[in-house]
Amino acid sequence: MDIQWYPGHMAKAKRLLREQLKLVDVVLEVRDARIPVSSGNPDLAELLGNKKRIILLNKADLADGKRSQEWVNYFAGEGIKAIAITARPGDVKHLPSLIEETASETERRRRKKGMAPRPKRAMVVGIPNVGKSSLINSVIKRSSAKTGDKPGVTRGNQWVRVRPDLEFLDTPGLLWPKFSSPETGFFLAVTGAIRQEVYDPVEVAHGFVDLLVERWPGLLAQTYQVVEERQPAHEILIALGKKWGLLRAGGAVDEEKAAIRLLQDYRKGKLGSLTLEQPPDIE
Ligand SMILES: Nc1nc2c(ncn2[C@@H]2O[C@H](COP(=O)(O)OP(=O)(O)O)[C@@H](O)[C@H]2O)c(=O)[nH]1
Ligand SMILES: [Mg+2]
């Protein structure tokens, strides 16, 4: 399965991101906790230079909690601070203090140079659909109003004061997916990170059924009573389509509709909390 998709204006996005990054002390890189590698973009590290980064493994509510902890440990081993999080106001409480802690080094440097203290600034970046806007909104909901345009800031950027000493850029920085492995496109399609027009849902659902049967044997059969797992993915989808009454005119099962429904069920958590990517073994 070869899914390759790049948003238009990628060069423009990169230029804009570079400008935005100059404005902040800390970068919150949002990834999907179910696919912590495929939802990242390795180019970011280079763009960041030595700017501080925290990886937010978002949608933790949809991921396997034990795996999320393994990922946090994995990133710690790489020297990167990561936390598992869900973009709900009640679940982002600890984020501001974590940012302040992370930014305190920048603060010390400024003070050493005799520069006046100023609020620390953070921005959210990530590929489409990982929950950047939801996270920003959740943090803002818990805090106060916008502080307005700042001189020297890319036009349109607003800062939101989250605490007296912390400001957030209210527009997330857009990263583009990087298809560094053959699975990346597949994982991004399954989790809903890429638009449906760029992949064939039936092909993706076949791959997903095969993955489920291999890694979570019995789950499909248990979730959808009609499924006999020891048959080709195509047959399984047809059985599901029949169960759901997804028929074409004439009575044949609409496999594409069944494929879309199965993928939607996964994205809503109806199949449980399944993390698709496992951290490499730490030696
Ligand atoms: N279950 C769950 N869904 C989330 C979470 N964060 C975002 N979403 C959903 O993911 C989709 C994309 O979120 P959005 O904030 O628009 O992503 P953005 O494109 O990165 O700004 C929306 O349907 C959100 O409701 C989360 O932590 N858990
Ligand atoms: Mg958004």
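Criteria and thresholds
- Residues numbered from 1 in each chain as written.
- Chains lettered and ligands numbered in written order.
- Predicted model: local features only at pLDDT ≥ 70, side-chain atom pairs only at ≥ 80, totals over all residues.
- Heavy atoms only, no water.
- Near = heavy atom within 4 Å.
- Polar contact = N/O pair within 3.5 Å; in protein donor to acceptor, adjacent residues only side chain to side chain.
- Nonpolar A, V, L, I, M, F, W, Y, C, P; charged D, E, K, R; others polar.
- Salt bridge = Lys/Arg side-chain N within 4 Å of Asp/Glu carboxyl O.
- Helix = DSSP H or I, 4+ residues; strand = E, 2+ residues; numbered from the N terminus.
- Expected span 1.5 Å × (residues − 1).
- Buried < 20%, exposed > 50% of the residue type's maximum accessible area, 1.4 Å probe, protein only.
- Arc of directions from axis to C-beta.
- Contact = heavy atoms within 4.5 Å.
- Domains from an automatic or database assignment.
- Core = buried A, V, L, I, M, F, W, Y, C linked by side-chain atoms within 4.5 Å.
- Axes fitted to C-alpha atoms, helices over the stretch in contact; angles between N-to-C directions.
- Parallel < 35°, antiparallel > 145°, perpendicular 65-115°, else oblique.

1. Observations concerning the site of ligand 1
1) Next: Near ligand 1, the surroundings consist of 13 residues, among which D61, A87, N129, K132 and S134 are the closest.
2) Next: Between ligand 1 and N129 there is a distance of 2.8 Å, counted from an oxygen atom to a backbone nitrogen or oxygen.
3) Next: In the environment of ligand 1, an oxygen atom lies 2.9 Å from a nitrogen or oxygen atom belonging to the backbone of S133.
4) Next: A class-by-class count of the residues in the shell around ligand 1 yields 4 nonpolar, 6 polar and 3 charged.

2. Re the pattern of salt bridges
1) Next: Taken as a whole and judged by the stated rule, the model has 19 salt bridges.
2) Next: With a shortest N-O distance of 3.8 Å, R248 and D254 are connected by a salt bridge.
3) Next: Salt bridges sharing common partners tie together E100, K120, R163 and D165.

3. Topic: the environment of V30
1) Next: Locating V30 in the fold gives a position in strand 1 (residues 26-32).
2) Next: A C-alpha to C-alpha distance of 9.8 Å links V30 and A82, two positions 52 residues apart in sequence.

4. Describing helix 1 (residues 10-21)
1) Next: Here helix 1 spans 16 Å end to end across 12 residues, near enough to the 16 Å set by a 1.5 Å rise per residue.
2) Next: All of the buried residues along helix 1 are L17, Q20 and L21. An end-on view of helix 1 places all buried positions within 95° of arc, on one side of the element. Opposite its buried face, helix 1 presents the exposed residues A11, K12 and R15, each directed more than 90 degrees away.
3) Next: Where helix 1 is buried, its residues touch strand 1, helix 2 (43-48), strand 4 (120-126), strand 7 (166-169) and strand 8 (173-174).

5. Points about the domain arrangement of the chain
1) Next: If you check the domain split of the chain, you get domain 1 (10-174) and domain 2 (200-267).
2) Next: For domain 1 and domain 2, the distance between their C-alpha centroids amounts to 37 Å.

6. Focus: unusual backbone geometry
1) Next: Within the chain, K59 stands out as a residue other than glycine whose phi angle is a positive 65°.
2) Next: Within the secondary structure layout, K59 lies in the loop between strand 2 (52-58) and helix 3 (65-77).
3) Next: Its identity as a non-glycine residue notwithstanding, N129 has a phi of 75°, on the positive side.
4) Next: Among the structural elements, N129 can be located in the loop between strand 4 and helix 5 (132-141).

7. Description of the nonpolar core
1) Next: L17, L56, I99, F168, F208, L262 and L271 are the most contacted members of the largest nonpolar core, which totals 72 residues.
2) Next: In terms of residues, this core owes the most to one element, helix 7 (residues 201-215), which gives 7 residues.
3) Next: Taken domain by domain, this core gets at least three of its residues from each of domain 1 (10-174) and domain 2 (200-267).
4) Next: Grouped together as the second largest cluster of nonpolar side chains are 10 residues, A33, I55, A63 and Y74 included.

8. Regarding the packing of helix 6 (residues 182-191) against helix 7
1) Next: Viewed as axis vectors pointing N to C, helix 6 and helix 7 meet at an angle of 95°, and their least axial separation amounts to 10 Å. When the axis of helix 6 is compared with that of helix 7, the two are roughly perpendicular. Contacts between helix 6 and helix 7 involve F186, F187, A189 and V190 from the first element and V204, G207, F208 and L211 from the second.
2) Next: Its residues placed into classes, the contact of helix 6 with helix 7 shows 7 nonpolar, 1 polar and no charged.

9. Quick look at the environment of A82
1) Next: Among the secondary structure elements, A82 is positioned in strand 3 (residues 81-84).
2) Next: Taking C-alpha positions, A82 is 21 Å from T171, a pair spaced 89 residues apart along the chain.

10. Focus: the packing of helix 7 against helix 9 (residues 233-243)
1) Next: Interhelical geometry of helix 7 versus helix 9 gives an angle of 100° and a closest axis separation of 9 Å. By the angle between their directions, the pair helix 7 and helix 9 is classed as roughly perpendicular. Judged by residue contacts, V202, A205, H206, V209, D210 and V213 of helix 7 engage A233, H234, I236 and L237 from helix 9.
2) Next: Taken together, the residues of the contact of helix 7 with helix 9 break down into 7 nonpolar, 2 polar and 1 charged.

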